[in-house]
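# Secondary and tertiary structure notes
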Amino acid sequence: DFAFMVCFMLVCGLRDDGMMAGGTSTGADGIDETYRFYEDLSANMDQYVLENYGAIMDPVVRGHDVVGAGPLSVPGGPTDDATRRRAAPSKPIQKSTPDVALHCGAILRAVIRHPKLFRLFLSDDNVPRYVLPFLDKYVHQPNFEVQGDALESMKFFFTGGINPAAPPPPPKQGGNATANDEESTNTGDIASEFLQRQYDLIVEDRLNHKLLSPKASYVAKRASIQLLSTVLLTRSNYAVMMKYVASRHNLRTIMLLHRDPSGHITFDAFHVLKIFVANPQKTREVTRILVDNRIKLIKYLDGLHKDRESSDIQFRDEKKLVISTLEGLELDA
């Protein structure tokens, strides 16, 4: 179908896992003509989307809304002529359907696999237009499949599609490039740079105050704590993780989630709590909260999901490590 065709043309020439990966090598540069065709095809699609960004991305993002959408608007409007030319007029549209929303999600993730397009998607001008609707609306949709697909897209926004357990990429040749290099082609670097730049808007205003608050719905809390855990445990987000676990307010937010009646939420919250406890560079404020609540925390953790320990060895071992770390924790004079 159309969505499959668009996705294929966008990713078939990407070297990580597109058609370029695992191909035969016959030319001097290690690429035969067949795979050079796929590489050129993806590059041409990349350029086409870049030149028509607003006209393509506006309906793709709006297509996630199965409840009913008004116009997508950017406060202040486009700030430069190039952006203004790329932006399509925002028009009210009828609500989408689950099938259309899932196709739009697949197309969106294929588009942002391209670093230039991903960087533009996360630019400050486009955050209200493209990113915030996912946090404010799409992840809360009543359709489970659409909601899960929106969460999958948000994971890409905040991790660049990098596996949390993946080793960091090798340094660039020359030794002068940094993770924030404008020419970086690593989507993990782009996502990390975005989160550091928009930390208050994304983490404080959305995740903490809205999505992880006691008043939030079960669906919002569970999706958000899973997303937060993935973000913090992704290696490229190390700076974001260190900023998050330095905050006593964030620690209290996670501790309150352990009072939730849902076992799913308390299990996911544990995977964030363990980062606070294991951090060797705890702030004094965080250490004080952990020490002051040590007895209660140890008692709580000892009984947390006992039924999982026999089948989930990693969880059992991590829980033991957290408890032993708490037992040996001291507040410096």
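Look up a bit, the structure's there.
Structural notes, computed from the coordinates. Note that the structure is predicted; figures quoted are calculated from it, not measured.

### Some words on the packing of aromatic side chains
Counting across every chain of the model gives 14 aromatic pairs. With a centroid separation of 5.7 Å and an interplanar angle of 65°, the aromatic rings of Phe37 and Tyr38 are classed as edge-to-face. Here Tyr38 falls in the buried class, since its relative accessible area comes to 17%. Aromatic pair Phe121 and Phe157: ring centres 5.0 Å apart, planes at 40°, arrangement tilted. Of the two residues, Phe121 is situated in helix α6 (residues 115-121) and Phe157 in helix α8 (residues 144-159); the sequence distance between them amounts to 36 residues. In this structure Phe157 comes out as buried when scored by relative accessible area, which is 0%. Linked through ring pairs, Tyr53, Phe121, Tyr130, Phe134, Tyr138, Phe157, Phe158 and Phe194 together constitute an aromatic cluster. Directly above the ring of Phe267 sits Arg308, whose terminal nitrogen or CZ lies 3.7 Å from the centroid.

### A closer look at the nonpolar core
One finds Phe121, Phe157, Phe158, Tyr244 and Ile254 to be the most contacted residues of the largest nonpolar core, which totals 85 residues. Every residue in contact with Phe158, bar those within four places of it in the chain, is listed here: Val131, Leu135, Ala191, Phe194, Leu195, Ile202, Leu227, Val231 and Asn237.

Criteria and thresholds
Residues numbered from 1 in each chain as written. Predicted model: local features only at pLDDT ≥ 70, side-chain atom pairs only at ≥ 80, totals over all residues. Heavy atoms only, no water. Phe/Tyr/Trp six-rings, centres within 6.5 Å; stacked < 30°, edge-to-face > 60°. Buried < 20%, exposed > 50% of the residue type's maximum accessible area, 1.4 Å probe, protein only. Helix = DSSP H or I, 4+ residues; strand = E, 2+ residues; numbered from the N terminus. Lys NZ or Arg CZ within 6 Å of the ring centre and 35° of its normal. Core = buried A, V, L, I, M, F, W, Y, C linked by side-chain atoms within 4.5 Å. Contact = heavy atoms within 4.5 Å.

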